[in-house]
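# Structure assessment
The lines below spell out each chain.
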Amino acid sequence: MLKRTADAAEAATALADAGGGDTALAHESVSPPLTGPGAGEMGTPGPARSDPPPGAALRGRGLDAATVASVADGAPPPPPHPAALEAMEHTRRAARRLAAEGARVYGRSTGVGAHRGLAVEESDRAGHDLRLLLSHAGGVGAPLPAREVRAMMLVRANQLLAGGSGLGPEIAVAVTDALRAEVHPRVPEYGAVGTGDLTALAELGLALFGHGTWIRDRADAGNPLPASLPVRRGDALALLSSNALTLGQSALACHDLGVLLSAAHVVASLSLLAVDASTEPYAPEVHAAHPHPAIQGAAARVRELLGTGETPHTEPPEPTSGTSRVQDPYGFRCFPQAHGPATEAWEGLERVLSIDLNSATENPLIGWDTATGAPVARHHGGFFTAPLTLALDQLGLAVLGTARLSAARLSNLGRPELTGLRSYLADASSAGSGMMILEYSAASALAEIQTCATPAALGHVVLSQGMEEAATFATQAARTSLRLAQAYRLVLGCELVAAVRALRLRGGAPRPETVAGRAYARAAAELDPEMRDRPLTDDVTTAAALLDEFAGLTTAC
């Protein structure tokens, strides 16, 4: 049996046997500080993945996308905080009182969905709950990666610790135990439309209660499996009533896109250097005249990376090709105007997640009436994730805009009138193709981004015999946001390969004391210097992997 975290286990065991106590607990709602892929004086770099700090604890508040990504990628979860476990026990006592008083509570004393009017027979006890889990474990499609299921599990544990489900503290402890044991349930991809991840959480419930199976996160993981828990009356819907998978996937997309949006400043800066682009469009005076904060921030970040500080070029540089160039193509000139809104949209998603990751949204909410001291079950629609859908949709459209300019810069790096080099940065061989094919590969990845950026909020469905006449489709927005992040990474990787190739062919490295210079040196050390026609797939893979490191470089600004 997997050994539980000491304080969490002791609290769960002691509190499960405790009785009485109608004092309402007030839970402080604290949002984590916002960090973003903004620029310089206008913001801080995007989140880098790191293990939760020593002493951190899950308590139903303070969870952020960076912590979700860290645990999803294999870090052990923070232990549940004893005070949060006490809050869970407090609301479980309320649920038990409601049951003893014969209160009509959705999913506990009644059926669910279109069967909400059907009563659960008193003699049925926990049989209804097990059947609810079994019947709702009906997702379809390929199993989700361990990373996404681990994200779901961490989010669900934190939500439970917010203290509104009526479940006992041993449930939250068991979920974190499973994370620590590096196991997860098999969760099929399809089964939700943004109004509750019922199929995914049914699979988690069956595994927790010994009626499903655990899958190891890694083939070489050998930790003992968590001990099974008994199914108790009221446990099923209280566990199912959550968008934890959608939120977990959204947190991963937020984290991944934050890293890429930060790294994009570095990649764009190297492209600017590769074509001797003017920095006049980045001048503080230009952006003071049209003061969108996020756009000002993107311009400031590029100035810092290039080492130009607050002193702009007042004249365009002499073009390398001998052709007069009063101003550069949009990809170089309009980067702040396209990228700033993307960082702003990213911050909007982070704000939504700072609330949704740390809220009790179970329907019904179980608790105690602060005025009368009586147990209450409040039925509501807090599971309707419209703010999350809109935030994800906005971010997808904004990333599409900046990704288009990344692909445009890649194309421009192949133009000899801009670089002064051979077409497509080819070597001296006859009719060499150079990096020509990367333009097509980037266009293909960009097409995927465009597909993924189609707003999920446009969807519509009517379910449960007309009782549920709308849906948010946040689940679809979250899933496509993860695909969008993967494609955006490849577009930036293609641009980085081309920028480094152009700088090498020109024979002039950026100034080594600048952040852009350090980034170029790092990329040049990893990327193959061979200029002959050859496959560039491995180069793009290497460049794409460097983007996480480049996001960290921006903290030096």
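Residues numbered from 1 in each chain as written. Predicted model: local features only at pLDDT ≥ 70, side-chain atom pairs only at ≥ 80, totals over all residues. Heavy atoms only, no water.

Summing up its helical and strand segments, the chain has 19 helices and six strands in all. Expressed as a percentage of its 557 residues, the buried residues of the chain come to 54%. Accessible surface, the chain: about 22,200 Å² in total, of which carbon and sulfur atoms supply 55%. (Helix = DSSP H or I, 4+ residues; strand = E, 2+ residues; numbered from the N terminus. Buried < 20%, exposed > 50% of the residue type's maximum accessible area, 1.4 Å probe, protein only. Areas by Shrake-Rupley, 256 points an atom, 1.4 Å probe, with all protein chains shown as cover.)

This part covers the environment of Glu530. Assignment of secondary structure puts Glu530 in the loop between helix 18 (515-526) and helix 19 (537-553). We classify Glu530 as partly exposed; its relative accessible area is 32%. Taking the C-alpha atoms as reference points, Glu530 and Arg501, 29 residues apart in sequence, are found 9.3 Å from one another. There is a polar contact of 3.2 Å between the side chain of Glu530 and the backbone nitrogen of Arg532. (Polar contact = N/O pair within 3.5 Å; in protein donor to acceptor, adjacent residues only side chain to side chain.)

Once that is clear, we can look at the pairing of strand 6 (residues 375-378). Judged from the four bridges that link them, strand 5 (residues 365-368) and strand 6 form a sheet pairing that is antiparallel. Among the inter-strand pairings, Ile366 is bridged to a residue of strand 6, identified as Ala377. In this antiparallel pair of consecutive strands, strand 5 and strand 6, the connection spans six residues, and Gly373 shows a positive phi of 80°. (Pairing = 2+ DSSP bridges.)

By secondary structure assignment, the location of Ala523 is in helix 18. With relative accessibility at 0%, the residue Ala523 sits in the buried group. When sequence neighbours within four positions are dropped, the list of residues in contact with Ala523 reads Leu496, Val500, Leu546 and Phe550. (Contact = heavy atoms within 4.5 Å.)

Note on soluble globular proteins: their nonpolar side chains tend to be buried together. Val68, Met152, Met153, Leu257, Ile449, Tyr488 and Phe550 are the most contacted members of the largest nonpolar core, which totals 144 residues. Residue contributions to this core peak at 19 residues, all from helix 9 (residues 244-274). Apart from the residues lying within four places of it in its own chain, the contact partners of Leu257 are Trp346, Leu395, Val399, Ser481, Leu484, Ala485 and Tyr488. Of all hydrophobic cores here, the second largest spans six residues; its members include Ala94, Ala95, Val105 and Ile366. (Core = buried A, V, L, I, M, F, W, Y, C linked by side-chain atoms within 4.5 Å.)

As a further point, take the pattern of salt bridges. What the rule picks out here adds up to 25 salt bridges. Residue Glu495 is joined to Arg409 by a salt bridge in which the shortest nitrogen-to-oxygen separation is 2.6 Å. Pair noted here: Glu495 is in helix 17 (residues 474-506) and Arg409 is in helix 14 (residues 386-413), with a separation of 86 residues, a long-range link. When its relative accessible area of 0% is taken as the criterion, Glu495 is described as buried. Take Arg409: its relative accessible area is 1%, and that puts it in the buried class. Several salt bridges converge on common partners, so that one network encompasses Glu89, Arg92, Glu170 and Arg232. (Salt bridge = Lys/Arg side-chain N within 4 Å of Asp/Glu carboxyl O.)

The next thing to look at is a nonpolar patch on the surface. Side chains of Met436, Ile437 and Tyr440 sit close together on the surface and give an oily, nonpolar patch of about 310 Å² of accessible area. Within the secondary structure, Tyr440 sits in helix 16 (residues 436-452). (Patch = residues over 30% accessible without salt bridge, like charges linked within 9 Å, V, L, I, M, F, W, Y side chains within 5 Å.)

Moving on: the confidence of the model for the chain. Close inspection of predicted coordinates is inappropriate for parts of the model with low pLDDT. Across the chain, pLDDT averages 88, with 86% of residues at or above 70. Every residue in residues 1-35 scores below 50 in pLDDT, and together they form 68 contacts with partners more than four places removed in sequence or on other chains. Predicted confidence for residues 39-49 stays below pLDDT 50, and this span has 43 contacts to residues more than four positions away or in other chains. (pLDDT = per-residue confidence, 0-100.)

A word on the packing of helix 18 against helix 19. Two numbers describe a pair of packed helices, the interaxial angle and the distance between the axes. Following both chains from N to C, one finds helix 18 and helix 19 inclined at 155°, their axes separated by 11 Å at the closest point. Of the possible angle classes, the one that applies to helix 18 and helix 19 is roughly antiparallel. For the pair helix 18 and helix 19, the sense of crossing is right-handed. Together, Val515, Ala519, Arg522, Ala523 and Glu526 of helix 18 and Thr542, Leu546, Glu549, Phe550 and Leu553 of helix 19 make up the contact between the two elements. Among the residues making up the contact of helix 18 with helix 19, the classes are represented as six nonpolar, one polar and three charged. (Axes fitted to C-alpha atoms, helices over the stretch in contact; angles between N-to-C directions. Parallel < 35°, antiparallel > 145°, perpendicular 65-115°, else oblique. Left-handed = near helix turned anticlockwise from the far one by under 90°. Nonpolar A, V, L, I, M, F, W, Y, C, P; charged D, E, K, R; others polar.)

Moving on, we come to helix 5 (residues 146-161). Taking 1.5 Å of rise per residue, 16 residues should cover 22 Å, and helix 5 covers 23 Å from first to last C-alpha, within 8% of that figure. Along helix 5, 15 of the 16 residues are buried, which leaves the element largely enclosed by surrounding structure. (Expected span 1.5 Å × (residues − 1).)

Leave glycine aside and you will find that most residues have negative phi; peptide bonds, for their part, are mostly trans. The linkage connecting Asn363 with the following residue, Pro364, adopts the cis geometry, with an omega of 0°. Mapped onto the elements, Pro364 comes out in the loop between helix 13 (335-356) and strand 5. In this structure, Glu182 is a non-glycine residue whose phi angle is positive, near 60°. Even without a glycine there, the phi angle at Asp276 is positive, about 55°. Accessibility expressed as a relative area gives 24% for Asp276, which makes it partly exposed.

Attention shifts here to the environment of Ala119. Secondary-structure assignment places Ala119 in the loop between helix 3 (82-100) and helix 4 (127-136). In the structure, Ala119 is positioned 14 residues away from Val105 in sequence and 9.7 Å away in space, judged by C-alpha atoms. When near neighbours in sequence (up to four residues on either side) are disregarded, Ala119 contacts Ser109 and Thr110.

A word on the packing of helix 17 against helix 19. Across the interface, helix 17 lies against helix 19 with an axial gap of 8 Å and an inter-helix angle of 105°. When the axis of helix 17 is compared with that of helix 19, the two are roughly perpendicular. Every residue of helix 19 that contacts helix 17 at Arg489, Leu490, Leu492, Gly493, Cys494, Leu496 and Val497 is listed here: Asp539, Val540, Ala543, Ala544, Ala545, Leu547, Asp548 and Phe550. Looking at the contact of helix 17 with helix 19, its residues break down into 11 nonpolar, one polar and three charged.

Moving on, we come to the side chain of His184. Inspection of the secondary structure puts His184 in strand 2 (residues 183-185). When its relative accessible area of 6% is taken as the criterion, His184 is described as buried. Among the polar contacts listed, one links the side chain of His184 to the side chain of Asp217, at a separation of 2.6 Å. Ignoring anything within four residues of it in the chain, the contact list for His184 reads Ala146, Val149, Met153, Thr213, Trp214, Ile215, Arg216 and Asp217.

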